[in-house]
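So you can see what is in the structure, the chains are spelled out below.
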Amino acid sequence: MTRHNPLDNRLLCGALGVAGLFCVMEVAGRTGLIDPLVFPLASTVLGRAAALVTDGEFLSDVASTLGAWALGLLFTVALAVPAGFLLGSLPRVESALRPILEFLRPIPSIALIPLALAVFSDRFDMKVLLIVYAATWPVLINTMYGLKDVDPLAKETLRSFGFGKSAVLWRVSLPSTAPFIATGVRLASAIALIVGISAELLGGGAQGIGSYVLESGGNADAVEYIIAAAIWAGVIGMVTNGLFVLAERRIFRWHTARTEVV
Amino acid sequence: MNGLLRGAVRLWPVPVVLLLWELLTRGIEMLSFPPPSQIATSMYTMWLTGPAERLWLTDAALTNIPVSVGRLLSGWVLAGVVGIVLGVALGRSPLLFRFIDPLVQFARAIPPPMLLAFFMALFSIGPRMQISFIAFGIVWPVLINASEGARQVDRQHLDTARVFGLSGGERLFRIILPSAMPKIFAGLRVSLSLALILMVLSELVGSTDGIGFQLLDAQRSYDFSGVWGTIVVLGVLGYVFNSAFLAAERRVLSWHRSAKQTT
């Protein structure tokens, strides 16, 4: 039997790391190394974060952000995946649209917020639309990339057995592109959160965790609220990303080369 | 010449789309959707109507664009240095990795806009706040990629280096960093495009100059061709940054591809 070294345990070390940071921040705040007015005590922040769970206003803000995020991602998939298949399987259309796409893609989606604010009166619609615009790119590009990666031999085999175009698409291209699409959606989900919260910050007046931060900015202990809300946003980001990773691993266990395209 | 001509022919959809867009926007006559010709005129007056001895650049072009690009690049370089140093340390020390990894995973999951208010409270409005906000928001792809790259260094290379008596520093600069380089570059590229987004965001919220501020200014004065023009400039900036980065990457990593081929 080999001796078990406690420092080999990932969970234990990770917990120690988190606890260590907490203690360092707490001690630095209490001894005055960091002014608690500039950066509140770690225990205060954690207490505030815990209190937010029962804060109805905060919860409805979280629900609004997540609602826009989910709806935006849903529309994105419904739009970008068929578009990716269309562009991927029609090379002439793809080469015609490529210059347009190459120009649209580098435009930072945040820059569209001032324009969207003027066009949309409903802040929720605006948020969803901006999310769709920003999240479409990784899904579209991953779909097209995955389609290029489809085994030509498998397609030829099906064709020589007399299967039609749609059968080839449905039985070969879609399953072998699916892991790439999933990666694209996972990347898009992080971008969707960034864009959604930015729209809330800049738009104001609407619901969402971005607006929550904006509204608590006037308080004397604003930083405490800001960090507590950021902690929950981090938890949301981590959980959603983790769920996507988990789903990818379960659904695409057969897919050996899970390649990432950014 | 032939390639250039073919490239120009490949761009045929651009004028077609521009023409359709012009006709459509002239047809609907909406204030927030000006025709592209009007956007082009407004871009010209915004940036290119200065005195001839300054290459016709206006004050707005000479202040806002360099200021924004400076902030973006400072934040990116800062994030690059911090990300590579910390990432390589994490990648080479499994123990350190086990302690810090949960914190890194958590910090990178926080959507950067949530922290904008925090950075504003910490540094008040100004370049210091913007640069630190950009750097904090974009450091994670570099850090994580650098740590992956440093962890996956070929054992054989490291053992060979040890046998030849290379010191720790030499091993770092001759073996570990070069072999982590492709991953680090991938991270730097993601960070660069994220830096543009965060630069615009930080200037939209807390700034008195820069391209983002100009964008907000145009929106507040209902100058929609100015808004569109600024968006176009930001798109061009993004395109230029990405192309320049890809060109640099090809140059720096060209040895890597040829080295891979011989093994």
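Residues numbered from 1 in each chain as written. Chains lettered and ligands numbered in written order. Predicted model: local features only at pLDDT ≥ 70, side-chain atom pairs only at ≥ 80, totals over all residues. Heavy atoms only, no water.

Trainee: Explanation requested: the overall build of chain B in the structure shown.
Mentor: If you tally the helices and strands in chain B, you get 12 helices and 0 strands. Secondary structure of chain B in N-to-C order comes out as α-α-α-α-α-α-α-α-α-α-α-α. Relative to the 2.2 N^0.38 estimate, which gives 18 Å for 263 residues, the radius of gyration of chain B is 23 Å and therefore markedly larger than a compact globule would have. Overall, chain B is about 75 × 55 × 40 Å in size when its C-alpha atoms are taken along their principal axes. Counting all 263 residues of chain B, 44% fall into the buried class. Of the contacts formed within chain B by residues at least 6 apart in sequence, a portion of 68% connects residues at least 24 apart. When the accessible surface of chain B is totalled, it reaches about 13,600 Å², and 68% of it is carbon and sulfur. (Helix = DSSP H or I, 4+ residues; strand = E, 2+ residues; numbered from the N terminus. Rg over C-alpha atoms; globule rule 2.2 N^0.38 Å. Buried < 20%, exposed > 50% of the residue type's maximum accessible area, 1.4 Å probe, protein only. Contact = heavy atoms within 4.5 Å. Areas by Shrake-Rupley, 256 points an atom, 1.4 Å probe, with all protein chains shown as cover.)

Trainee: Please clarify how a nonpolar patch on the surface should be interpreted in this entry.
Mentor: Taken together, the side chains of F103(A), L104(A), V236(B), Y239(B) and V240(B) make up a nonpolar region of the molecular surface, amounting to roughly 420 Å² of accessible area. Contributions of two or more residues to the nonpolar patch are made by α4 (91-104) of chain A together with α11 (224-252) of chain B. Of the residues forming the nonpolar patch, the biggest block, 3 residues, is contributed by α11(B). Mapping V240(B) onto the fold places it in helix α11. (Patch = residues over 30% accessible without salt bridge, like charges linked within 9 Å, V, L, I, M, F, W, Y side chains within 5 Å. Salt bridge = Lys/Arg side-chain N within 4 Å of Asp/Glu carboxyl O.)

Trainee: For this particular structure, what's the right way to read the interface of chain B and chain A?
Mentor: Think of interface size as the accessible area that goes away when the parts come together; that is how it is often given. Each partner contributes residues to the interface: chain B has 50 residues there, and chain A has 51 residues. Summing the contributions of chain B and of chain A, the shared interface buries around 4,100 Å²; its carbon and sulfur component is 84%. If you look at where chain B meets chain A, you find 1 salt bridge. With a closest N to O distance of 3.4 Å, R10(A) and D101(B) form a salt bridge. If you look at where chain B meets chain A, you find 3 residue pairs in polar contact (both at pLDDT 80 or more). Elements with a minimum of two residues in the side of chain B that touches chain A: α2 (13-28), α5 (94-109), α6 (113-123), α9 (168-205), α10 (211-220) and α11 of chain B. No other element matches α5(B), which puts 11 residues into the side of chain B that touches chain A. (Buried area = accessible area lost by both parts, 1.4 Å probe. Polar contact = N/O pair within 3.5 Å; in protein donor to acceptor, adjacent residues only side chain to side chain.)

Trainee: Explanation requested: unusual backbone geometry in the structure shown.
Mentor: With a phi close to 55°, Y222(B) is a non-glycine residue in the positive phi region. Here Y222(B) lies in the loop between α10 and α11.

Trainee: Explain helix α6 (residues 123-148) of chain A here, please?
Mentor: The periodicity of an α-helix, 3.6 residues per turn, causes residues three or four positions apart to be oriented the same way. Along its 26 residues, α6(A) runs 38 Å from first to last C-alpha, staying within 8% of the 38 Å computed at 1.5 Å per residue. For α6(A), the N-terminal capping position is held by D122(A), with its side-chain oxygen 2.8 Å away from the main-chain nitrogen of F124(A). (Expected span 1.5 Å × (residues − 1).)

Trainee: I keep staring at the pattern of salt bridges and nothing clicks. Help me out?
Mentor: Any two side chains of opposite charge can pair, given that their charged atoms come close. Applying the stated criterion to the full structure yields 15 salt bridges over all chains. A salt bridge links R98(A) to E94(A), with the nearest nitrogen and oxygen atoms 2.7 Å apart. Taken together, the residues R98(A) and E94(A), both in helix α4 and 4 residues apart, mark about one turn of the helix. Among the ionic pairs, R71(B) bridges to D209(B), the shortest N-O distance being 2.7 Å.

Trainee: Sorry, what's going on with the packing of aromatic side chains here?
Mentor: Two aromatic rings are characterised by how far apart their centres lie and by the angle between their planes. For the structure shown, the criterion picks out 14 aromatic pairs over all chains. Ring geometry for F33(B) and W228(B): centres 5.7 Å apart, planes at 55°, overall tilted. Taken together, the positions of F33(B) in the loop between α2 and α3 (36-47) and W228(B) in helix α11 put the pair 195 residues apart, joining distant regions of the chain. W228(B) sits in the buried class, given a relative accessible area of 15%. Judged by centre distance (5.5 Å) and plane angle (85°), the rings of F136(B) and W140(B) are edge-to-face. In this pair, F136(B) and W140(B) are both assigned in helix α7 (residues 127-151), 4 residues apart and thus about one turn of the helix distant. Grouping aromatic residues by their ring pairs yields a cluster made of F39(A), F118(B), F119(B), F123(B), F133(B), F136(B) and W140(B). Its end group placed over the ring of F97(B), R151(B) keeps NZ or CZ at 4.5 Å from the ring centre. (Phe/Tyr/Trp six-rings, centres within 6.5 Å; stacked < 30°, edge-to-face > 60°. Lys NZ or Arg CZ within 6 Å of the ring centre and 35° of its normal.)

Trainee: Just to check I follow, could you spell out the confidence of the model for chain A for this structure?
Mentor: Note that predicted coordinates carrying low pLDDT should not be read in detail. Looking at chain A, pLDDT values average 85 and 94% of them are 70 or higher. Overall, residues 257-262 of chain A carries pLDDT values under 50, and its contacts beyond four positions in sequence, including any with other chains, amount to 13 contacts. (pLDDT = per-residue confidence, 0-100.)

Trainee: Explanation requested: the confidence of the model for chain B in the structure shown.
Mentor: Per-residue confidence for chain B gives a mean pLDDT of 87, with 96% of residues at or over 70. For chain B, the element scoring lowest by mean pLDDT is helix α12 (residues 254-262) of chain B, at 65; α7(B) scores highest, at 93.

Trainee: Got a minute to help me understand the state of the cysteines in this structure?
Mentor: Any covalent bond linking the sulfur atoms of two cysteines counts as a disulfide. Residue and element names in this part refer to chain A. This structure, assessed with the given rule, holds 0 disulfides over all chains. A disulfide-free cysteine, C13 has its sulfur positioned 16 Å from the sulfur of C23, the nearest such atom. Using a relative accessible area of 0% as the deciding quantity, one classes C13 as buried. Residue classification places C23 among the partly exposed positions, given a relative accessible area of 44%. (Disulfide = S-S within 2.5 Å.)

Trainee: In this structure, what is going on with the environment of H157(B)? I would like to understand it.
Mentor: Residue position: H157(B) is located in helix α8 (residues 155-163). Between the C-alpha atoms of H157(B) and L188(B), which are 31 residues apart in sequence, the distance is 25 Å.

Trainee: Please clarify how the nonpolar core should be interpreted in this entry.
Mentor: Counting 122 residues, the largest nonpolar core has I110(A), L130(A), M114(B), I138(B) and I231(B) as its most contacted members. Counting residues per element, this core draws most heavily on α9(B), at 17 residues. Ignoring anything within four residues of it in the chain, the contact list for I138(B) reads G75(B), W76(B), A79(B), S191(B), L194(B), A195(B) and L198(B). (Core = buried A, V, L, I, M, F, W, Y, C linked by side-chain atoms within 4.5 Å.)

Trainee: When you look at the packing of α4(A) against α2(B) in this model, what are you seeing that I'm missing?
Mentor: For any two helices packed against each other, one specifies the inter-axial angle together with the distance between the axes. α2(B) packs onto α4(A) with a crossing angle of 65° between their chain directions and a minimal axis gap of 9 Å. The pairing of α4(A) with α2(B) is recorded here as roughly perpendicular in orientation. Note that α4(A) runs across α2(B); the crossing there is right-handed. Along the contact surface, α4(A) presents A96(A), P99(A) and I100(A), while α2(B) presents P13(B), V14(B) and V17(B). (Axes fitted to C-alpha atoms, helices over the stretch in contact; angles between N-to-C directions. Parallel < 35°, antiparallel > 145°, perpendicular 65-115°, else oblique. Left-handed = near helix turned anticlockwise from the far one by under 90°.)

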